[in-house]
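Working through the structure, step by step
If you want the building blocks of each chain, they are given just below.
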Amino acid sequence: MAPYEPEKDTSEAGELRAGRRKAARYAVPIAVAGVAAATIGLVPALATSGDPDLPKVTAQELIEKIAASDTQQLSGNVKISTDLGLPSIGGMAGGFGGGGGAGRGEDGDDKGSAADPKSKLMELASGTHTLRVAADGPDKQKVSVLGDASEYSVIHNGDDVWAYDSASNEAYHATEKGTSSNTGSSSSTGSSSEKGSSSEKGDKGHETGPGAKDVPSTPADFAEQALKAVDDTTSVKVDGTAQVAGRDAYRLVIKPKQSGSTVGQITVAVDEKTGTPLKFTLTPASGGAAVVDAGFTKVDFDKPSVSTFDFTPPKGTKVTEADEHGKEGRDFRDKGGKDGQEFDKGDLNEPKIIGEGWSTIAELKLPGGQGLPTAGSGDVPPDAQKLLDSLGDQVEGKFGSGTVFSTRLINALVTDDGTVYVGAVTKDALVKAANDAH
């Protein structure tokens, strides 16, 4: 195997940043509009085989290779797992194979949809999942989560975004602003390809329902986020080669230089021929299994079949339109709370950013300026208080006292005066930040 360049120091940080900005622009547009879930992770440790002998490259050259990649068409399988050290949340929002409960109203009525991506894809936040993905440019993508005896799919085709849960036989439909109001909520709804051809396309993206945003769903998406972190606080190097999904790849390793971060290192396997990231692994500083590991087990860079992105709801499917679903949600929220409001946006505040790079901590205030209930306060039942206390570690300092809630990646300190310090940093770093603020 050819030798590889030693890790790059801060003198090359400017060049690396320029390269990763280009890389971000050319990342495969696989994150389907409507696939919404807060920071999620993909893929269990995928076995990579072989140690191919590839031409020598530097870290800068490899980042430029990612930037030069213009992969717009692909299909394949991605295996994903996330291990944040939390209990599995499978079933909390309706299982992929269970078809129940997701998006239901408080009283268990039929408001909402079991196919709503906002609730359905929360399950990707823990455990192991297999995804089937396909892309053909920025206007056609499909992601399917495969269950034992069911499938959940999100299909973006032109102006339409469909989500379909085979277990419950429910579908969720959203269109670009101004077009969804012309569609009905019946099982006779036409295919996405038919609707796309009859709609006038705009240039402001797609309206995909509440909370729907592009989120990482392939190694390329994760790599884009990682490359954004390349700065003076980061070391980057090429560390050998590997084979992923039968393809030769370089291993790009990104490490924080700062102490106090919970991130150990990020490894990205980059396809030697196309420059497309094939695998992404985030290992915590504490060691052990990867927190996030996303990789292709099968990949094809040929143009997918046009029919891949067609969708017509099967007979008898309950179809929920995004605009109607949003209205129901607003009606529900307006029923309770002070002055007809369950939550006032004015209670939110912009976080204050402490530090830089991998040691960045966000400081913000809880609504009402109060911390969590404490023992003896009587704010919650005794059993509930015991459960709350068991989930965190009590800490004290110049700031007073508080509770640290920990995962293998993200930690948060909630002080008794309602201040929250959160980041991908250690408990000691959070306590120091709270002390310094006082």
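This structure is a prediction, so every number in the text was calculated from the model and none was measured. (Residues numbered from 1 in each chain as written. Predicted model: local features only at pLDDT ≥ 70, side-chain atom pairs only at ≥ 80, totals over all residues. Heavy atoms only, no water.)

Here we have 12 strands laid out as an open sheet, ordered E7-E8-E9-E10-E11-E1-E2-E3-E4-E5-E6-E12, and mixed in their pairing. Of all the strands in the sheet, the pair left with one neighbour each is strand E7 (234–244) and strand E12 (318–321). Within the sheet, the average angular offset between the axes of one strand and its neighbour, ignoring direction, is 15°. The pairing of strand E6 (residues 170–175) with E12 spans four bridges and is classified as parallel. Residue His-173 lies in a different strand from E12, and its bridge partner there is Glu-321. (Pairing = 2+ DSSP bridges. Helix = DSSP H or I, 4+ residues; strand = E, 2+ residues; numbered from the N terminus. Axes fitted to C-alpha atoms, helices over the stretch in contact; angles between N-to-C directions.)

Let us look at the pattern of salt bridges. Applying the stated criterion across every chain, the model contains nine salt bridges. Of the charged contacts in the structure, one is a salt bridge between Glu-151 and Arg-132, with a shortest N-O distance of 3.0 Å. A residue pair is termed long-range when its members are at least 10 positions apart, and Glu-151 in strand E4 (residues 151–157) and Arg-132 in strand E2 (residues 127–136) qualify at 19 residues. Of the residues examined, Glu-151 reaches a relative accessible area of 24% and is grouped as partly exposed. The partly exposed category is assigned to Arg-132, whose relative accessible area is 36%. (Salt bridge = Lys/Arg side-chain N within 4 Å of Asp/Glu carboxyl O. Buried < 20%, exposed > 50% of the residue type's maximum accessible area, 1.4 Å probe, protein only.)

Along an α-helix, residues three or four apart share an orientation, since each turn contains 3.6 residues. Restricting attention to buried positions, one finds in helix H2 (residues 59–68) the residues Ala-59, Gln-60, Leu-62, Ile-63, Ile-66 and Ala-67. Buried residues of H2, viewed axially, fall in a sector of 165°; they line one side. (Arc of directions from axis to C-beta.)

Take helix H8 (residues 427–436) next. Leu-430, Val-431, Ala-433, Ala-434 and Asn-435 are the residues of H8 that are buried. In the core, the buried residues of H8 are packed alongside strand E13 (352–354), strand E14 (361–365), strand E15 (393–397), strand E16 (400–406), strand E17 (411–415) and strand E18 (419–423). (Contact = heavy atoms within 4.5 Å.)

Let us look at the pairing of E6. Counting buried positions along E6 yields six of six residues, so the element is predominantly enclosed. Both faces of E6 are covered, namely the face carrying Glu-170, Tyr-172 and Ala-174 and the face carrying Ala-171, His-173 and Thr-175. Across six bridges, the pairing between strand E5 (residues 160–165) and E6 is antiparallel. Residue pairing for E6: Trp-162 is matched across the bridge by His-173. Linking two consecutive strands that pair antiparallel, namely E5 and E6, is a turn of four residues; a positive phi of about 55° is found at Asn-169 within it.

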